[in-house]
Amino acid sequence: MNDMRMAKYETLIEDIDSNIKKSVGLFGGLFGITRAVVAATGGSSSGNTALALIYDYNKCNDYAKVIMDKSTLVLNTPDDRFTDLWKRDYPTYGEFKDSKRTIEASKKFVQMCRNTENATEGYKFIFWALMILTVDKEDAENHLALICDFAKMLRITEDEFEDIIQTVKIVYNEVTTEYTFKSENIPSVLGSLFNMYGGQDIDE
């Protein structure tokens, strides 16, 4: 594998994550600020472990691993805004080797994302999962089914799901940057990615 190519891809993912963090999100205010602080002070130290609910890190290709390692989600509560409660309870990818624990964690993740303060993280989770699906085709049909299942559980609408898909296509420079969002929420979470730098050409 070309080291320079991988370095370029790591930079792309870091830039995407940074741009998403800068978005105040749906609810802004203290939660937006707190989320950025948590992410900047170690929230991403052990990777985006929520993605392990869908993908087996050890079976992923190098591009997918970069996304899992470099992307961030932050899940907290009004009572504890400075602790990433998900990463506290599920700090590593290996947490989900047991199917029963995975099911319990999936339910917990969905419940946390349904809370108002974490709504944006559910959208980001689906975005990052689709980003992996684009660069890693191994068992793609099963992974897509899982992504769709999570989208339904997270109450993501068809318009929101389509907006997320279009954002992924923009990032990979597969479509024109001229796109009109169909939903109200996704522009607040991912809209900044449309103005990054016109996407990157990534071959598999």
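Values in this document were obtained by computation on a predicted structure and should not be read as measured data.

Undergrad: Is there a simple way to explain the packing of aromatic side chains in this structure?
TA: The description of an aromatic ring pair uses the distance of the two centres, along with the angle that the planes make with each other. The final tally for this structure, using the stated rule, is 13 aromatic pairs. With a centroid separation of 6.4 Å and an interplanar angle of 80°, the aromatic rings of Phe 109 and Phe 150 are classed as edge-to-face. Of the two residues, Phe 109 sits in helix α5 (residues 99–114) while Phe 150 sits in helix α7 (residues 140–153), which places them 41 residues apart along the sequence. An identical accessibility class is assigned to Phe 109 and Phe 150; each is buried.

Undergrad: I'm lost on the packing of helix α6 (residues 119–135) against helix α8 (residues 158–171) in this one. Help?
TA: How two helices sit against one another is set out by the angle between their axes and by the gap between those axes. For the pair α6 and α8, the least separation of the axes is 10 Å and the interaxial angle reads 50°. What the angle tells us is that α6 and α8 run oblique. Once α6 is placed against α8, the crossing between them reads as right-handed. Of the residues in α8, those in contact with Tyr 123, Ile 126, Phe 127, Leu 130, Met 131 and Thr 134 of α6 are Glu 160, Phe 161, Ile 164, Ile 165, Thr 167, Val 168 and Val 171. Residue classes in the contact of α6 with α8 are distributed as 10 nonpolar, two polar and one charged.

Undergrad: Would you take a moment to explain the nonpolar core for this structure?
TA: Generally speaking, soluble globular proteins have nonpolar side chains that are buried together. Among the nonpolar cores identified, the biggest contains 57 residues, and Ile 16, Ile 126 and Phe 127 are the most heavily contacted of them. Those elements that provide at least two residues to this core are α1 (3–22), α3 (62–70), α4 (85–89), α5, α6, α7, α8 and α9 (186–190). Broken down by element, this core gets its largest block of residues, 11 residues, from α6. Every residue in contact with Ile 126, bar those within four places of it in the chain, is listed here: Ile 147, Phe 150, Ala 151, Leu 154, Ile 156, Phe 161 and Ile 164.

Undergrad: It is not clear to me how the packing of α1 against α3 should be interpreted in this structure. Could you clarify?
TA: For the pair α1 and α3, interaxial distance at closest approach is 10 Å and the crossing angle is 35°. α3 is crossed by α1, and the crossing has right-handed handedness. Residues Arg 5, Met 6, Tyr 9, Glu 10, Ile 13, Glu 14 and Asp 17 of α1 touch α3, and the partners they reach there are Asp 62, Tyr 63, Val 66, Ile 67 and Lys 70. A per-class count over the contact of α1 with α3 returns six nonpolar, no polar and six charged.

Undergrad: Can you help me understand α6 in this one?
TA: Side chains of residues three or four places apart in an α-helix project in the same direction, reflecting 3.6 residues per turn. In a regular helix each residue adds 1.5 Å, so 17 residues correspond to 24 Å; α6 covers 26 Å between its end C-alpha atoms and thus fits that length. α6 sits mainly inside the fold: 17 of its 17 residues count as buried.

Undergrad: Please clarify how unusual backbone geometry should be interpreted in this entry.
TA: A positive phi angle is found at Asp 139, which is not glycine, with a value near 55°. Relative to the helices and strands, Asp 139 is located in the loop between α6 and α7. Taking the relative accessible area as the measure of exposure, Asp 139 reaches 43% and is therefore partly exposed. At Arg 155, a residue that is not glycine, the phi angle is positive and equals roughly 65°. Looking at the element boundaries, Arg 155 is found in the loop between α7 and α8.

Cut-off values and rules
Residues numbered from 1 in each chain as written. Predicted model: local features only at pLDDT ≥ 70, side-chain atom pairs only at ≥ 80, totals over all residues. Heavy atoms only, no water. Phe/Tyr/Trp six-rings, centres within 6.5 Å; stacked < 30°, edge-to-face > 60°. Helix = DSSP H or I, 4+ residues; strand = E, 2+ residues; numbered from the N terminus. Buried < 20%, exposed > 50% of the residue type's maximum accessible area, 1.4 Å probe, protein only. Axes fitted to C-alpha atoms, helices over the stretch in contact; angles between N-to-C directions. Parallel < 35°, antiparallel > 145°, perpendicular 65-115°, else oblique. Left-handed = near helix turned anticlockwise from the far one by under 90°. Contact = heavy atoms within 4.5 Å. Nonpolar A, V, L, I, M, F, W, Y, C, P; charged D, E, K, R; others polar. Core = buried A, V, L, I, M, F, W, Y, C linked by side-chain atoms within 4.5 Å. Expected span 1.5 Å × (residues − 1).

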